[in-house]
There are 2 protein chains.
Amino acid sequence: MSLTNAIPLEVAKAARVGSRQLAVLTTEERNAALSAIHKALADGKEEVLAANRQDLEEANKHAAGGTLSASLVKRLDLGKPGKYEDMLQGILDVSDLEDPINKTTARTLLDDNLILSRITCPIGVLLIIFEARPEVIANISALAIKSGNAAILKGGRESYHSFAAIASIISKALETTKVPSDCLQLVQTHDVIADLLKQDTYIDLCIPRGGNKLVRYVKDSTSIPVLGHADGICTTYLCADYPVEKAIKIIVDAKVSYPAGCNALEQLLVEESALTTTLPAVAEALLQKGVSLRCDAASLTALKGKLDAHSATLLQEAGDKDFDFEFLDLIIAVKTVKSVEEAIEHVNTHSSHHTDAILTLNAQTAQTFLAAVDSSSVYWNTSTRMADGQRYGFGTEVGISTNKIHSRGPVGLEGLTIYKWTIVGDAQVSAEYGASGKAWKHEKLPVGDEMVAQNEEERELLRKFRAGKA
Amino acid sequence: MSLTNAIPLEVAKAARVGSRQLAVLTTEERNAALSAIHKALADGKEEVLAANRQDLEEANKHAAGGTLSASLVKRLDLGKPGKYEDMLQGILDVSDLEDPINKTTARTLLDDNLILSRITCPIGVLLIIFEARPEVIANISALAIKSGNAAILKGGRESYHSFAAIASIISKALETTKVPSDCLQLVQTHDVIADLLKQDTYIDLCIPRGGNKLVRYVKDSTSIPVLGHADGICTTYLCADYPVEKAIKIIVDAKVSYPAGCNALEQLLVEESALTTTLPAVAEALLQKGVSLRCDAASLTALKGKLDAHSATLLQEAGDKDFDFEFLDLIIAVKTVKSVEEAIEHVNTHSSHHTDAILTLNAQTAQTFLAAVDSSSVYWNTSTRMADGQRYGFGTEVGISTNKIHSRGPVGLEGLTIYKWTIVGDAQVSAEYGASGKAWKHEKLPVGDEMVAQNEEERELLRKFRAGKA
């Protein structure tokens, strides 16, 4: 890793050159680099924590002066029990994941001795811009190397010293490996971001990890593809048939378990006929957790009188803006809808296409919702907080994408890959085929070494074999 | 289909609304729309050809005045024998392709009764900008409907009347189907493009089909993701060990069979030791086809004296620009390289990452090239002209992408889809899992109804069965 103040064009060019070498390393060579980084960061713990204390000291001064929030200061602290060890374990976890590149994902026999293959490969050079938390650098570096991508990293300025210490350790560790050190470049000053965003010749994908403001700035400032999400306005549609205890369990988890998360619930849609049956108990449970309810007229009327024990400030009339807003706090907007169709219309218009859920016992209603809601993740009878790479079984995630192309929802290693097509032939040429020439065979071939039953006879064979063993 | 002069914001909004309805139609409903379009265009042939003659008349005037090329006029002509029928057949071909949406491509058991699925779905709204050929509108409309995407189409102004006639016929045909007519909108005036490119709230993907200038303009003018390629600078590396007859066959096909194609060969890299062995015969074959060779010093020296029978204008010294230029003509740049490493370096720096090939009998050299060349398609012992959706077995293509994300190489129906994640559960919530809670199962489940041998025992069973039948 280079800790650099070089000009953005040079940084991006060097990363591109490094990426070419990284892309052809073996799984073992990339994993060996992760082991080396893990060992070096374990050995260098005291050095990193000393630098981190410097960042904390400065951050505390800013917090005292009111220019930094206390919660941000907390997130900077690498010295909290277990945090450093979690960071180290994260590197080993990524190393243990299946190699996402050089996998053949499709094969077609075009003609005799003429085989088309689709092979996964790295995207190339990633530009990752993230906010304060210093441990992210280790995680992102591990994901980049594992997926064969070079990465230019720009961290939050509050972690300046921690980043510098970690970067210098990683840099030394990489010298003992086959991964060129230019493959990971840490950019320290904020003013180079604008120039980096112009390097679309050398940077293939930009991943901003942070708040709405950062993501919008990045999207508006570059022609490099951007992967991520700006808002996390998640909704849940509560149908009248859904059992109240399960509804409470799901909605409280979705709203309360981590209100600052992008997958936290921001809007509850309630079927009209549930206003006086299920809603009061759900509202009571939320109010007891300190959640403010911003209700439309119908739901407010239904709840008024029933929940008077609670402070009036917790039960308010919703404004129009409340249905297009990410609260990231113990606040929820409540809206009454007549049907699943109205719920779908509202979700497709007002959610941020991140994660939306329906709670119902009616399979047909649920299928209508799952099919029609145009979001990265759509759930039936569970909490929007499930949207997370680790929970999806990806090991870890680079972020959550609300993009409509490439990768959608939690993005793991697979989202950092693309593919190339290869053809291996024996001097067949295009002009031999077509109208008056040879016909294409276009026969699908098995991929890798897995064996798929190719016809009903073989499927029956497998079924009988399994039945015999069961 | 609406033929519209409406303001771009309204066009894009209406397409978005239509796309929501189109996305939930069944395979049969979408195919029925394709049948209706096919029938209507077959019935309306005379009407379309009359409009096309009007375009041709105007184009011929422009051609006579020197403001339009004769080859463009030729491409406008829908009345050429077989062309209209090919257009009609194309619609049926798309209808016959496998439905690319609503396919489950991954399933994971997160926990008992908690299943994560990845399901393919349409991208949403496509903006497709294409140049003259009027038959493209039918092909693109078919691809959009088949893949469940709404499309806003802007064709070349030279086809104004043909487009209008086709659009009006398609519009009437759609009225008898479940596909909302707002799903296909034809934009007629050039001046709305700039405004359409700003509608990133309603348009999900932009596909420019045309020359370098159009593609660069679109890429520079929008924050909507753009799929396509600007240049097609394809290269081929000829190794000294490759048989001369096969080399001639491949290189002549790549350069001569359709020089205006984006997959045509523009640069020949020659291994130094092949300069006096294979190159002269290859050069002779190209010269006989009227190809001009722009040679670096070493290859020029090797060829001078041997090919004097040909005009000196066909054998020239290359300028620096010739190795970064798409000739689209009977011209080829020739460069000498010492090794496969130098060839890879040249290709990664100077090709447009579209399609590049190596010709060699040495498997190790070929594998090095296939692995290290960072292009959409990389070939061993075949012609770059193979890069084409129909040849790859996709049925048809929307275009060829040199993007590093989403879809790379020839893009068929699959490239017009994305996926959503669904979870179906029974009130499990996120807070139940993790550190001190329940463990995730993360068990991969079979996808769809295909049967994959799940262990070595089952693989052995299939192997024996196949051996017994062989």
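Residues numbered from 1 in each chain as written. Chains lettered and ligands numbered in written order. Predicted model: local features only at pLDDT ≥ 70, side-chain atom pairs only at ≥ 80, totals over all residues. Heavy atoms only, no water.

- Chain A has the name glutamate-5-semialdehyde dehydrogenase in an unreviewed UniProt entry, where Lentithecium fluviatile CBS 122367 is given as its organism.
- What UniProt states about chain A under its Sequence similarities (unreviewed entry) heading is, verbatim, "Belongs to the gamma-glutamyl phosphate reductase family."
- Taken from UniProt, the Pathway (unreviewed entry) comment for chain A reads in full: "Amino-acid biosynthesis; L-proline biosynthesis; L-glutamate 5-semialdehyde from L-glutamate: step 2/2." (UniProt positions renumbered as here; feature names shortened; annotations may be inferred.)

Remarks on the sheet that holds strand β8 (residues 234-238) of chain B
Stage number 1. Pairing within the open sheet is mixed, and its 11 strands lie in the order β18(A)-β2(A)-β3(A)-β17(A)-β14(B)-β13(B)-β8(B)-β9(B)-β12(B)-β10(B)-β11(B). Edge strands, defined here as strands with exactly one partner in the open sheet, are β18 (443-445) of chain A together with β11 (315-317) of chain B. Neighbouring strand axes in the sheet, compared pairwise and without regard to direction, differ in orientation by 25° on average.
Stage number 2. Here strand β9 (residues 265-271) of chain B pairs with strand β12 (residues 331-337) of chain B via 5 bridges, running parallel. Looking at β12 of chain B, one finds that V270 of chain B is bridged to T336 of chain B.
Stage number 3. Sheet strands touched by helix α13 (residues 340-350) of chain B: β8, β9, β12 and β13 (355-359) of chain B. Its angle to β9 of chain B, the strand with the most contacts, is close to 160°. (Pairing = 2+ DSSP bridges. Helix = DSSP H or I, 4+ residues; strand = E, 2+ residues; numbered from the N terminus. Axes fitted to C-alpha atoms, helices over the stretch in contact; angles between N-to-C directions. Contact = heavy atoms within 4.5 Å.)

Regarding the pattern of salt bridges
All names here are of chain B.
Stage number 1. In the structure shown here, the tally under the stated rule is 50 salt bridges over all chains.
Stage number 2. The salt bridge involving E29 is made with K178; its shortest N-O contact spans 3.3 Å. Taken as a pair, E29 in helix α2 (residues 27-43) and K178 in the loop between α7 (160-175) and β6 (184-187) lie far apart in primary sequence, 149 residues in all. (Salt bridge = Lys/Arg side-chain N within 4 Å of Asp/Glu carboxyl O.)

A word on unusual backbone geometry
Residue and element names in this part refer to chain B.
Stage number 1. Although it is not a glycine, N113 sits at a positive phi angle of roughly 60°.
Stage number 2. As for its position among the elements, N113 is in the loop between β2 (104-111) and β3 (114-122).
Stage number 3. In this model, N381 sits at a positive phi of 60°, which is unusual for a non-glycine residue.
Stage number 4. Relative to the assigned elements, N381 resides in the loop between β14 (377-380) and α15 (389-392).

Topic: the domain arrangement of chain A
Stage number 1. Its domain assignment divides chain A into domain 1 (2-99 + 122-221) and domain 2 (234-390).
Stage number 2. Using only C-alpha atoms to locate each centre, domain 1 of chain A and domain 2 of chain A end up separated by 37 Å. (Domains from an automatic or database assignment.)

Examining the interface of chain A and chain B
Stage number 1. Listed as interface residues are 85 residues of chain A and, on the opposing side, 85 residues of chain B.
Stage number 2. When the area that chain A buries against chain B is broken down by residue, the three leading residues are I405, W421 and M451 of chain A, summing to 11%.
Stage number 3. In this assembly, chain A and chain B are joined by 12 salt bridges.
Stage number 4. The salt bridge involving E458 of chain B is made with R466 of chain A; its shortest N-O contact spans 2.7 Å.
Stage number 5. The greatest single-element share of the side of chain A that touches chain B, amounting to 9 residues, is contributed by helix α16 (residues 456-469) of chain A. (Buried area = accessible area lost by both parts, 1.4 Å probe.)

Focus on the environment of S273 of chain A
Stage number 1. Examined against the element boundaries, S273 of chain A turns out to sit in the loop between β9 (265-271) and α11 (279-288).
Stage number 2. Judged by relative accessible area, S273 of chain A falls into the partly exposed class, the value being 46%. (Buried < 20%, exposed > 50% of the residue type's maximum accessible area, 1.4 Å probe, protein only.)

A short note on the pairing of strand β7 (residues 205-209) of chain A
Within a regular strand, side chains alternate between the sheet's two faces.
Residues and elements named next belong to chain A.
Stage number 1. Counting buried positions along β7 yields 4 of 5 residues, so the element is predominantly enclosed.
Stage number 2. Sheet topology places strand β4 (residues 125-130) next to β7; 5 bridges connect them, and they run parallel. In the sheet register, L126 faces β7, and the bridge partner there is L205.

Describing the nonpolar core
Stage number 1. Counting residues in each nonpolar core, the largest one holds 174 residues, and the members touching the most others are L41 and I152 of chain A together with L41 and I152 of chain B.
Stage number 2. In this view, L41 of chain A contacts Y84, M87, L88, I91, A138, I166, I169 and I170 of chain A; residues no more than four positions away in its chain are not counted. (Core = buried A, V, L, I, M, F, W, Y, C linked by side-chain atoms within 4.5 Å.)

Considerations on the relation of the copies chain A and chain B
Stage number 1. Of the two same-sequence chains, chain A is brought onto chain B (RMSD 0.2 Å, axial shift 0.0 Å) by a rotation of 180°. In the structure described here, the two chain copies are related by an operation that fits a two-fold rotation axis. Taking C-alpha positions as reference, the residue of chain A nearest the rotation axis is H406 of chain A, located at 1.9 Å.
Stage number 2. Mapped onto chain B, 100% of the interface residues of chain A again fall at the interface, so both copies present the same surface. (Least-squares fit on C-alpha atoms with pLDDT ≥ 70 in both.)

Focus on the packing of aromatic side chains
Stage number 1. Applying the stated criterion to the full structure yields 16 aromatic pairs over all chains.
Stage number 2. Joined through ring pairs, the aromatic side chains of Y392 and F394 of chain A together with Y419 and W421 of chain B make up one cluster.
Stage number 3. R118 of chain B extends its terminal NZ or CZ atom over the ring of Y419 of chain B, reaching a point 5.5 Å from the ring centre.
Stage number 4. In this structure, K335 of chain B packs its charged tip against the face of F323 of chain B, placed 5.8 Å from the ring centre. (Phe/Tyr/Trp six-rings, centres within 6.5 Å; stacked < 30°, edge-to-face > 60°. Lys NZ or Arg CZ within 6 Å of the ring centre and 35° of its normal.)

As for the sheet that holds β9 of chain A
Stage number 1. Across the sheet, 11 strands lie side by side as β11(A)-β10(A)-β12(A)-β9(A)-β8(A)-β13(A)-β14(A)-β17(B)-β3(B)-β2(B)-β18(B); this open sheet has mixed pairing. Of all the strands in the sheet, just β11 (315-317) of chain A together with β18 (443-445) of chain B have a single pairing partner and so form its edges. Across this sheet, the average inter-strand angle for adjacent strands is 25°, counted without regard to direction.
Stage number 2. Of the strands in this sheet, β8 (234-238), β9, β12 (331-337) and β13 (355-359) of chain A touch helix α10 (residues 244-256) of chain A, which is tilted by about 155° from β9 of chain A.

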